[in-house]
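Coordinates in review
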Amino acid sequence: MSIAGPAEAPGRGVELTVVVPAYNESGNVAILAARLVPVLERCAASFEIIFVDDGSADDTLETLRAAHRKDPRIRALSLSRNFGKEIAIAAGLDHAQGAASVVMDADLQHPPELIETLVARWREGYKNIFAQSAEKGLYSPLRRILTQRFYKLLHSVGDTGVPEGAGDFRLLDAQAVAALRTMREHARFSKGLYAWIGFKTIGVPYEAKPRLHGATKFTYRKLTHLALDGLISFSTIPLRVWGYIGMATSMLALSLASFFLFRTLIFGVDVPGYASLIVSITFFAGIQLLSLGIIGEYVGRIFAEVKRRPLYLIQERVGFGALAEEKSSACVSAG
Ligand code: UDP
Ligand code: MG
């Protein structure tokens, strides 16, 4: 059993693959497919659309089955449960056969027509092309501010810079897809991974649209989790900063000690400061717990990774054929 991803190299089969993670998107997927097909027919010699049903509870999968019956170029993978968008994207890219792959959301916030521009850039030789959105009041002001803060923070403490406004809507050359396939980490922060792999990168501006049907699947809890994954996967600063804080506090404690020593030698013992003692004890106990908590966040993720569980499990494939069936069962155990 190999630890790497699926054995088959990308780039065989079709020219362009579109990967769409979909979680309870039955109202959107058929409309998206209908808008994608003419665009793809215009800009690619051959294509496939892979919808990854991320354990939807509605009839997303049935809709996709029907779409596949009408047009065999539309395929679907159904994960055995909700694994989250980042892993759904990984599952789709593992099955992508295109010489290039586009990743986009199912809710039509990412205009399919932009793919023509992405493909044009790809033909110019770029391999990692991201659509860059100028966000105009699509999300709540709170979410917008928190997102901005997060990217600023990630930029200042992270090892890999994520370009502003770059999301999951992008085109990746088969070479970049192959690179992503080698990364089997569970705490996935795709935007960081896209930046990490490098290759000839360029941004294409676009205007994100409001979601067509349904509500956002990202609650503040999910977003916090994703932000933590991003920070912790791409920065060790939170872990290392405690060393500096510890050093600074011991210096402070040392100078305080010498100050008190001299004062006692010169002025003698005065009334002990109970209040300041309690305050400093609780303060430093707090700092210690906080730093332990941060170490816990890292250790927890290390624990999750060393178990080497597959990234995802597939319960059904629609439109991948017998050969793919065999290949993918291998990929589940290797995944
Ligand atoms: N998504 C997914 N699994 C999840 C949550 C979301 O595959 O657990 C998909 C969702 O169906 C959509 C994309 O990820 O295609 C973006 O989700 P959403 O539009 O809810 O996010 P937002 O636009 O609010 O960031
Ligand atoms: Mg959306």
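Before any of the text, the structure's been laid out above.
These lines cover the structure that appears in this document, whether it is placed above or below. (Residues numbered from 1 in each chain as written. Chains lettered and ligands numbered in written order. Predicted model: local features only at pLDDT ≥ 70, side-chain atom pairs only at ≥ 80, totals over all residues. Heavy atoms only, no water.)

Turning next to the sheet that holds strand E5 (residues 128-133). Pairing is mixed in the open sheet, where eight strands are placed in the order E7-E5-E6-E4-E1-E2-E3-E8. Strands with a single pairing partner mark the edges of an open sheet, and in this sheet they are strand E7 (201-206) and strand E8 (314-318). The average angle at which neighbouring strand axes cross in this sheet is 20°, direction not considered. In this sheet, strand E6 (residues 166-173) lies alongside strand E4 (residues 100-103) in antiparallel orientation, the contact comprising four bridges. Its bridge partner being in E6, Val102 is matched across the sheet by Leu171. (Pairing = 2+ DSSP bridges. Helix = DSSP H or I, 4+ residues; strand = E, 2+ residues; numbered from the N terminus. Axes fitted to C-alpha atoms, helices over the stretch in contact; angles between N-to-C directions.)

A separate point is the nonpolar core. Judged by nonpolar contacts, the single largest core of 40 residues is most densely connected at Leu16, Ile49, Phe51, Ile115, Phe169 and Leu171. At eight residues, the largest contribution of residues to this core is made by helix H1 (residues 29-43). Ignoring any residue separated from it by four or fewer positions in sequence, one finds Leu16 in contact with Leu40, Ala44, Ser46, Phe47, Glu48, Gly98, Ala100, Val102, Ile115, Val119 and Leu171. (Core = buried A, V, L, I, M, F, W, Y, C linked by side-chain atoms within 4.5 Å. Buried < 20%, exposed > 50% of the residue type's maximum accessible area, 1.4 Å probe, protein only. Contact = heavy atoms within 4.5 Å.)

Residues in contact with ligand 1 amount to 19 residues; listed here are only the nearest, Glu25, Asp107, Tyr139, Thr216 and Lys217. One of the side-chain nitrogen or oxygen atoms of Arg211 is found 2.8 Å away from an oxygen atom of ligand 1. A distance of 2.5 Å separates an oxygen atom of ligand 1 from a polar backbone atom of Lys217. Isolated, ligand 1 exposes 530 Å² of accessible area, and the fraction of that covered by the protein chains is 97%. (Near = heavy atom within 4 Å. Polar contact = N/O pair within 3.5 Å; in protein donor to acceptor, adjacent residues only side chain to side chain. Areas by Shrake-Rupley, 256 points an atom, 1.4 Å probe, with all protein chains shown as cover.)

Turning our attention to the packing of helix H5 (residues 141-157) against helix H8 (residues 220-234). Two numbers describe how H5 lies on H8: the axes approach to 10 Å, and their chain directions differ by 10°. The pairing of H5 with H8 is recorded here as roughly parallel in orientation. Where H5 abuts H8, its residues Leu142, Arg143, Leu146, Phe150, Leu153, Leu154 and Val157 lie against Tyr220, Leu223, Ala227, Gly230 and Leu231. Grouping the amino acids of the contact of H5 with H8 by side-chain chemistry returns 10 nonpolar, one polar and one charged. (Parallel < 35°, antiparallel > 145°, perpendicular 65-115°, else oblique. Nonpolar A, V, L, I, M, F, W, Y, C, P; charged D, E, K, R; others polar.)

Another point: the packing of aromatic side chains. Applying the stated rule across the entire model yields six aromatic pairs. An angle of 90° between the planes, with centres 5.9 Å apart, marks the rings of Phe150 and Phe189 as edge-to-face. Note that Phe150 is positioned in helix H5 and Phe189 in the loop between helix H6 (174-181) and helix H7 (190-197), a separation of 39 residues in sequence. Owing to a relative accessible area of 2%, Phe189 belongs among the buried residues under this scheme. (Phe/Tyr/Trp six-rings, centres within 6.5 Å; stacked < 30°, edge-to-face > 60°.)

Ideal geometry at a metal gives 109.5 degrees between four tetrahedral donors and either 90 or 180 degrees between six octahedral ones. All of the protein donors around the magnesium ion (ligand 2) are Asp107 (OD) and Gln109 (OE1); their distances to the metal are 1.8 to 1.9 Å. By relative accessible area, Asp107 is classed as buried at 2%. (Donors = N, O, S within 2.8 Å, 3.2 Å for Na, K, Ca; no water.)

Located in the positive-phi region is Asn24, a residue other than glycine, with phi close to 55°. Among the structural elements, Asn24 can be located in the loop between strand E1 (16-22) and H1. For Leu108, which is not glycine, the phi dihedral falls at a positive 65°.

Next up on the list: the environment of Ala176. By secondary structure assignment, the location of Ala176 is in helix H6. You can call Ala176 buried: its relative accessible area is 0%. When near neighbours in sequence (up to four residues on either side) are disregarded, Ala176 contacts Lys127, Ile197 and Phe199.

Structural measurements only, silent on function.
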